[in-house]
Amino acid sequence: MTSVGTGLVLGAALSVQFGSAVAALLFPRAGAAGVVALRLVIAAIVLLAVCRPRLRGHRRADWLSVLGFGVAMAGMNGLFYQAIDRIPLGPAVTLEVLGPLTLAVVTARRRSGWLWAGLALIGVVLLGYRGFDLLTPAGAAFAFGAGAMWAGYIVFSARTGQRLPRADGLALALAVAALITLPFGIADAGVALLDPVTIGLGAVVALMSSMLPYTMELLALRRIPTSTFAVLMSLGPAVAVLAGFVVLNQRLSPLELLAVALVIVASAGAVQTPRADPRSESDRRAPQQGSAAPAR
């Protein structure tokens, strides 16, 4: 189960990084807020049509979990896109990853968990240190905010995945996130959101940056603890650097190679270290305790 969960996290990281490359093409067309709204709206429409989640029979706690998941998703995406619109991608990702790594330290039940989180942090900082001199207060604040929302996304994704069957919770949370971001997207991009080319590229971004990775992460969080998952999130920047080397022939410096190695070692250590799942037993049993949702 752990190896499957790790594979899902890696697949999600690959999908997000290549999706981000396509999203960069959309910035001049629709702006940061417009791109976020477009990808979340398209992803929500597709997943709602595919999953057809049940709206009845869920408890109040289930709906609160979905609401929290959607708010965290909207904030994570919206704030991060605002950050990379102001500061370089490397330091933006570095500051954002502080959210999941802080969560890993807080939820780790063993001191070794702190070690792996610390190693991952060092690796990510080494990967993103170039461009730190170009930080702006607003850009850094947006990146920190995105990191906090990312930590919330992990927690609520785990809870929602345990409470609702299949990808129903994800579909409903995406709808919440789309409703939150759409007004900002319309204000930022206006009629540009209706351009056929923009919609087509938005659909590709929605698939690669939302539908695929969020689904894989939801499934991964059903198999591995949130603390392990949070450390594995540091693989994202390392995957981006390796993709640049393989696809774009971008050479890696010795420092970058060391950084990638530290992230990989930290992720492997987090996966192999036995630990208790920090989610409560009541959360794990929630779908069986009087919920009308069908069994998975």
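The structure reproduced in this document is the subject of the present report.

Thresholds applied
- Residues numbered from 1 in each chain as written.
- Predicted model: local features only at pLDDT ≥ 70, side-chain atom pairs only at ≥ 80, totals over all residues.
- Heavy atoms only, no water.
- Helix = DSSP H or I, 4+ residues; strand = E, 2+ residues; numbered from the N terminus.
- Buried < 20%, exposed > 50% of the residue type's maximum accessible area, 1.4 Å probe, protein only.
- Contact = heavy atoms within 4.5 Å.
- Areas by Shrake-Rupley, 256 points an atom, 1.4 Å probe, with all protein chains shown as cover.
- Core = buried A, V, L, I, M, F, W, Y, C linked by side-chain atoms within 4.5 Å.
- Phe/Tyr/Trp six-rings, centres within 6.5 Å; stacked < 30°, edge-to-face > 60°.
- Patch = residues over 30% accessible without salt bridge, like charges linked within 9 Å, V, L, I, M, F, W, Y side chains within 5 Å.
- Salt bridge = Lys/Arg side-chain N within 4 Å of Asp/Glu carboxyl O.
- Polar contact = N/O pair within 3.5 Å; in protein donor to acceptor, adjacent residues only side chain to side chain.

**Details of the overall build of the protein**
- When its secondary structure is counted, the protein shows eleven helices and zero strands.
- Reading the protein from its N end, one meets helices and strands in the order α-α-α-α-α-α-α-α-α-α-α.
- Each of the 296 residues in the protein was classed as buried or not, and the buried ones make up 53%.
- For the protein, contacts bridging at least 24 residues in sequence account for 90% of all contacts bridging at least 6.
- Accessible area for the protein stands at about 13000 Å²; split by element, carbon and sulfur atoms hold 69% of it.

**Observations regarding the nonpolar core**
- Ranked by size, the top nonpolar core spans 79 residues in total, and within it Met73, Tyr81, Tyr153, Ile154, Leu170, Leu174 and Phe229 carry the most contacts.
- In terms of residue count, the dominant contributor to this core is helix α1 (residues 2–51) (18 residues).

**Looking at the packing of aromatic side chains**
- Counted under the stated rule, the structure contains four aromatic pairs.
- An angle of 50° between the planes, with centres 5.5 Å apart, marks the rings of Phe69 and Tyr153 as tilted. Note that Phe69 is positioned in helix α2 (residues 60–84) and Tyr153 in helix α5 (residues 137–163), a separation of 84 residues in sequence. Residue Phe69 shares its accessibility class with Tyr153, and that shared class is buried.
- The interplanar angle of 50° and the centroid separation of 5.5 Å between the aromatic rings of Tyr153 and Tyr214 together place this pair among those described as tilted.

**With respect to a nonpolar patch on the surface**
- A cluster of nonpolar residues, Leu64, Leu67, Val71, Ile180 and Phe184, forms a patch on the protein surface that exposes about 440 Å² of accessible area.
- Sorting the residues of the nonpolar patch by element identifies α2 and α6 (168–189) as the ones contributing at least two each.
- Per-element accounting of the nonpolar patch gives the leading share, three residues, to α2.
- Mapped onto the secondary structure, Leu64 falls in helix α2.
- Relative accessible area serves as the criterion here: at 43%, Leu64 is assigned to the partly exposed category.

**Notes on the side chain of Asn77**
- Looking at the element boundaries, Asn77 is found in helix α2.
- Within the structure, Asn77 has its side chain in polar contact with the side chain of Arg39 (distance 2.9 Å).
- For Asn77, the contacting residues outside a window of four places in its chain are Val36, Arg39, Leu40 and Tyr214.

**Regarding the environment of Val4**
- Mapped onto the secondary structure, Val4 falls in helix α1.
- For Val4, a relative accessible area of 42% corresponds to the partly exposed category.
- Separated by 216 residues in the primary sequence, Val4 and Ala220 place their C-alpha atoms 7.4 Å from one another.

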